[in-house]
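Residue-level structural notes
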Amino acid sequence: MVAELSVLTEWIPEQMEPGTVFVLENAGEVGENEDPYWAVLACPSCGTLGLITRRQVAGLIPVLCGSSQCSAHFVLRDESVLPRKPN
Ligand SMILES: [Zn+2]
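This report concerns the structure included in the present document. (Residues numbered from 1 in each chain as written. Predicted model: local features only at pLDDT ≥ 70, side-chain atom pairs only at ≥ 80, totals over all residues. Heavy atoms only, no water.)

**Some thoughts on the overall build of the chain**
Heads up, the condition is: We count a stretch as a helix when DSSP gives it H or I for four or more residues in a row; a strand needs E for two or more, and each element gets its number in order from the N terminus. We call two residues in contact whenever any of their non-hydrogen atoms come within 4.5 Å of each other. In short, Shrake-Rupley with a 1.4 Å probe defines the accessible areas, and a residue's cover is counted only from the protein chains shown. Charged-residue counts in this description rest on Lys and Arg as positive and Asp and Glu as negative, His and the chain ends being excluded. Where a charge lies is defined by one atom per residue type, namely NZ (Lys), CZ (Arg), CG (Asp) and CD (Glu).
Counting secondary structure elements, the chain contains one helix and seven strands. Going from the N terminus to the C terminus, the chain shows its helices and strands as β-β-β-β-α-β-β-β. Considering only C-alpha atoms, the chain reaches an extent of 30 × 30 × 25 Å along its principal axes. Across the chain, contacts joining residues at least 24 apart in sequence account for 30% of those joining residues at least 6 apart. Looking at the chain as shown, the accessible area adds up to about 5600 Å², and 48% of this sits on carbon and sulfur atoms. Across the chain, the 5 positively charged side chains and the 11 negatively charged ones have centroids separated by 15 Å.

Here it is in structure tokens:
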């Protein structure tokens, strides 16, 4: 798992390597009002793309990889990826 996030300012799918985050152009407008989708994150472990919410970007709730072949579980803190141990 990579330990640092890299932020893309332009949507370039080929550059969505593991640990890359791209803030949505309509961040905050889709998903739940309380915790809308905010960014696309390439899983720091396997690179699977997934939507993450504002609270996940802020590190308030952990992110679980959406791939069934990957059990990455981590918290974002500033631009770092902090792995979470399974409870
Ligand atoms: Zn993954």
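**Looking at the coordination of the zinc ion**
Between any two of four tetrahedral donors, the ideal angle at the metal is 109.5 degrees; between two of six octahedral donors, it is 90 or 180 degrees. For the record, the criterion: Any nitrogen, oxygen or sulfur atom within 2.8 Å of a metal ion counts as a donor, with the limit raised to 3.2 Å for Na, K and Ca, and since water is left out, coordination shells can look unfinished. Think of it this way: with four donors and all angles in the 85 to 135 degree range, the site is tetrahedral; with four or six donors, opposite ones beyond 155 degrees and the rest between 65 and 115, it is square planar or octahedral; otherwise it is irregular. With a 1.4 Å probe rolled over the protein chains alone, any residue whose accessible area is under 20% of its type maximum counts as buried; one over 50% counts as exposed, and the rest are partly exposed.
Around the zinc ion, the protein supplies C43 (SG), C46 (SG), C65 (SG) and C70 (SG) as donor atoms, at distances of 2.2 to 2.3 Å. Here the zinc ion is ringed by four donor atoms whose angles at the metal span 105 to 119°, and the overall shape comes out tetrahedral. Mapped onto the polypeptide sequence, the residues donating to the zinc ion form the spacing pattern C-x2-C-x18-C-x4-C. Of this pair, C46 sits in the loop between β3 (37-42) and β4 (49-53) while C70 sits in the loop between β5 (63-64) and β6 (73-77), and the two are 24 residues apart along the sequence. Residue C70 is classed as buried on the basis of its relative accessible area, which comes to 12%.

**Considerations on the packing of aromatic side chains**
Our working rule: A pair of aromatic rings is counted whenever rings of Phe, Tyr or Trp (Trp by its six-membered ring) have centres within 6.5 Å, and the orientation is called stacked for planes under 30 degrees apart, edge-to-face for over 60 and tilted otherwise.
One pass over the full model with this rule turns up one aromatic pair. Pairing W11 with F22 gives two aromatic rings, centres 5.4 Å apart and planes at 55°, and the pair type is tilted. Separated by eleven residues along the polypeptide, W11 in the loop between β1 (6-8) and β2 (20-23) and F22 in strand β2 bring together distant segments of the chain.

**Focus: the pairing of β6**
Using the following cut-off: A strand pair is defined by DSSP finding two or more bridges across the two strands.
Relative to β6, β5 runs antiparallel, the two sharing two bridges. Within β6, the residue paired with L64 across the bridge is H73. Across four bridges, β6 lies against strand β7 (residues 80-83) in antiparallel orientation. The partner of L76 across the bridge, within β7, is V81. Hairpin connection between β6 and β7: a loop of two residues separates the two successive antiparallel strands, and D78 in this loop has a positive phi of roughly 50°.

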